[in-house]
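Overview (structure and organization)
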Amino acid sequence: MTTTKESIENRSFKKQTNHTLDIQVLTSEELLKFGVDVLARPHRTNFYHIFLFDKASVHEVDFEKMNIPDCSLLFLDKDKVHCFDKQLCFEGELIVFMDTLFSISDFDHQFLQNCTLFSKLYDTQVIELPADKYQKVKNTTRYIHQILNTLQPPPHQLLVKNLLQNLLILAQQCAEAQGFEPIKSGAELDYLLLFETLLEQHFKQQHQVSFYARQILISEKKLHKVTTQILGKPPKQLIDERVILEAKRLLSYSQDSVKTIAYDLGFDEPTNFIKFFKKHTDQTPNNFRQKQQLA
């Protein structure tokens, strides 16, 4: 017997009682107290995640079961749909924070915005750490945890933000050492970040590259050059991938009809949505939903 899954759960950041900063660090012991019903249920949040895995584990992110190696970092942007597997085999720490933590200056805000470790346009970032870098990350994470759990004096935002920023810089360096191509600051990066923001705002209504190029005030040819050079994908592919991802989420975690989902995602006719979905997934929306219900 199968059951229809409910709408996906949205979870908001909850501040700890002993400080007012928009950041928390949870050890695996603290995290696992939430139990399988909370951790193994697919959900999305309005905050960022950095997992430090001491031991190999499995984490599901937007329909992909990710096998995480020992001594690795996993970065999740806001609104990613994810969950632990039901075995809850997690050893390590979890850092969660809001973007308001980086609101001290325009430089801090720009730093977080430019951090490609959290970009929605890239694949989910998993970084294996060499032994020495792993120990540095571990020590930094434990130090932040210690600061946040000290009642007096209250934690200082600048100190905590700087520690987290150093951790992100170290992780970025490790990613680049493993072949991740860094993006140099400049007009191309600005165009890409603006495209990412606009796509997240308008993907349900606007499926054409021309709309985004007009909003950015560049030509379609220029936008195509930016995304293919940096991401290896044309803008139309990125738009279609975002629509497909949302379609999969709605088919899996809501009880809306295919017709309702089609209109919600900006299609004039359900048949056009069905053709679009089948073209990109090799299955109909109903077939995909049935497989998810049986999973």
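Structural data are supplied above this passage.
Definitions and cut-offs
- Residues numbered from 1 in each chain as written.
- Predicted model: local features only at pLDDT ≥ 70, side-chain atom pairs only at ≥ 80, totals over all residues.
- Heavy atoms only, no water.
- Buried < 20%, exposed > 50% of the residue type's maximum accessible area, 1.4 Å probe, protein only.
- Helix = DSSP H or I, 4+ residues; strand = E, 2+ residues; numbered from the N terminus.
- Pairing = 2+ DSSP bridges.
- Axes fitted to C-alpha atoms, helices over the stretch in contact; angles between N-to-C directions.
- Parallel < 35°, antiparallel > 145°, perpendicular 65-115°, else oblique.
- Left-handed = near helix turned anticlockwise from the far one by under 90°.
- Contact = heavy atoms within 4.5 Å.
- Nonpolar A, V, L, I, M, F, W, Y, C, P; charged D, E, K, R; others polar.
- Salt bridge = Lys/Arg side-chain N within 4 Å of Asp/Glu carboxyl O.
- Expected span 1.5 Å × (residues − 1).
- Arc of directions from axis to C-beta.
- Polar contact = N/O pair within 3.5 Å; in protein donor to acceptor, adjacent residues only side chain to side chain.
- Phe/Tyr/Trp six-rings, centres within 6.5 Å; stacked < 30°, edge-to-face > 60°.

Going residue by residue along strand β10 (residues 125-128), you find Q125 and I127 tucked away on one face and V126 and E128 left uncovered on the opposite face. In terms of strand pairing, strand β7 (residues 72-76) meets β10 through 4 bridges, oriented antiparallel. Paired with L74 across the two strands is V126, which belongs to β10.

In this section: the packing of helix α4 (residues 131-148) against helix α5 (residues 157-177). Packing of α4 against α5 leaves a shortest axis separation of 10 Å and a crossing angle of 160°. The angle between α4 and α5 falls in the class roughly antiparallel. Between α4 and α5 lies a crossing whose hand is left-handed. Residues K133, K136, V137, T140, T141, Y143, I144, I147 and L148 of α4 pack against L159, V160, L163, L164, L167, L170 and C174 of α5. Grouping the constituent residues of the contact of α4 with α5 by class yields 12 nonpolar, 2 polar and 2 charged.

Bringing the pattern of salt bridges into the picture now. According to the stated counting rule, one finds 17 salt bridges in the structure shown. Salt-bridge contacts for D99 lead to K78; the nearest nitrogen and oxygen are separated by 2.9 Å. Here the residue D99 occupies a position in the loop between β9 (92-97) and α3 (106-113), and K78 occupies one in the loop between β7 and β8 (82-84), the gap between them amounting to 21 residues. In this structure D99 comes out as partly exposed when scored by relative accessible area, which is 30%. The salt bridge involving K204 is made with D264; its shortest N-O contact spans 3.6 Å. One end of the pair, K204, is in the loop between α6 (187-202) and α7 (209-216); the other, D264, is in helix α10 (residues 258-264), with 60 residues separating them in the sequence. A relative accessible area of 27% places K204 in the partly exposed class. Judged by relative accessible area, which is 34%, D264 ranks as partly exposed.

What follows deals with helix α11 (residues 270-281). Given 3.6 residues per helical turn, the α-helix brings residues three or four places apart onto the same face. Taking 1.5 Å of rise per residue, 12 residues should cover 16 Å, and α11 covers 16 Å from first to last C-alpha, within 8% of that figure. Taken together, the buried positions of α11 are occupied by P270, F273, F276, F277 and T281. Angular distribution of buried residues about the axis of α11 spans 120°; they occupy a single face of the element. With respect to the buried face of α11, the exposed residues turned more than 90 degrees away are K275 and K279. Buried residues along α11 sit against α9 (235-253), α10 and α12 (285-294). Immediately downstream of α11, the backbone of D282 shows phi near 65°, a positive value.

Our next topic: the side chain of D22. Looking at where D22 falls in the secondary structure, it is placed in the loop between β1 (9-11) and β2 (23-27). At 2.3 Å, the side chain of D22 forms a polar contact with the side chain of T100. Other than its neighbours up to four places away in sequence, D22 contacts F13, K15, V96, F97, M98, T100 and L101.

For the rest of this paragraph, the subject is the packing of aromatic side chains. According to the stated counting rule, one finds 20 aromatic pairs in the structure shown. Their ring planes at 65° and their centres at 4.9 Å tell us that Y48 and F118 sit as a pair that is edge-to-face. Here Y48 is found in strand β4 (residues 48-53), whereas its partner F118 is found in the loop between α3 and β10, with 70 residues between them in sequence. Using a relative accessible area of 9% as the deciding quantity, one classes Y48 as buried.

This part is about the packing of α9 against α12. Following both chains from N to C, one finds α9 and α12 inclined at 55°, their axes separated by 9 Å at the closest point. Taken together, the axis directions place α9 and α12 in an arrangement best described as oblique. Taken as a pair, α9 and α12 cross one another with a handedness that is right-handed. Judged by residue contacts, K248, L250, L251 and S252 of α9 engage P285, F288, R289 and Q292 from α12.

Within the chain, F63 stands out as a residue other than glycine whose phi angle is a positive 75°. For F63, the position within the fold is in the loop between β5 (57-61) and β6 (64-68). Despite not being glycine, L217 shows a phi value in the positive range, around 70°. Here L217 lies in the loop between α7 and α8 (220-231). Here L217 falls in the exposed class, since its relative accessible area comes to 75%.

Looking now at the sheet that holds β10. Sheet architecture is open: 5 strands sit in the order β2-β9-β4-β7-β10, paired in antiparallel fashion. Pairing within the sheet leaves two strands with one partner each, and these edge strands are β2 and β10. In this sheet, neighbouring strand axes are inclined to one another by 15° on average, regardless of whether the strands run parallel or antiparallel. Bridge count for β4 against β9 is 6 bridges, and the pairing is antiparallel. Each residue of the ladder has a partner; that of F53, found in β9, is G92.

Keep in mind these values describe shape, not function.
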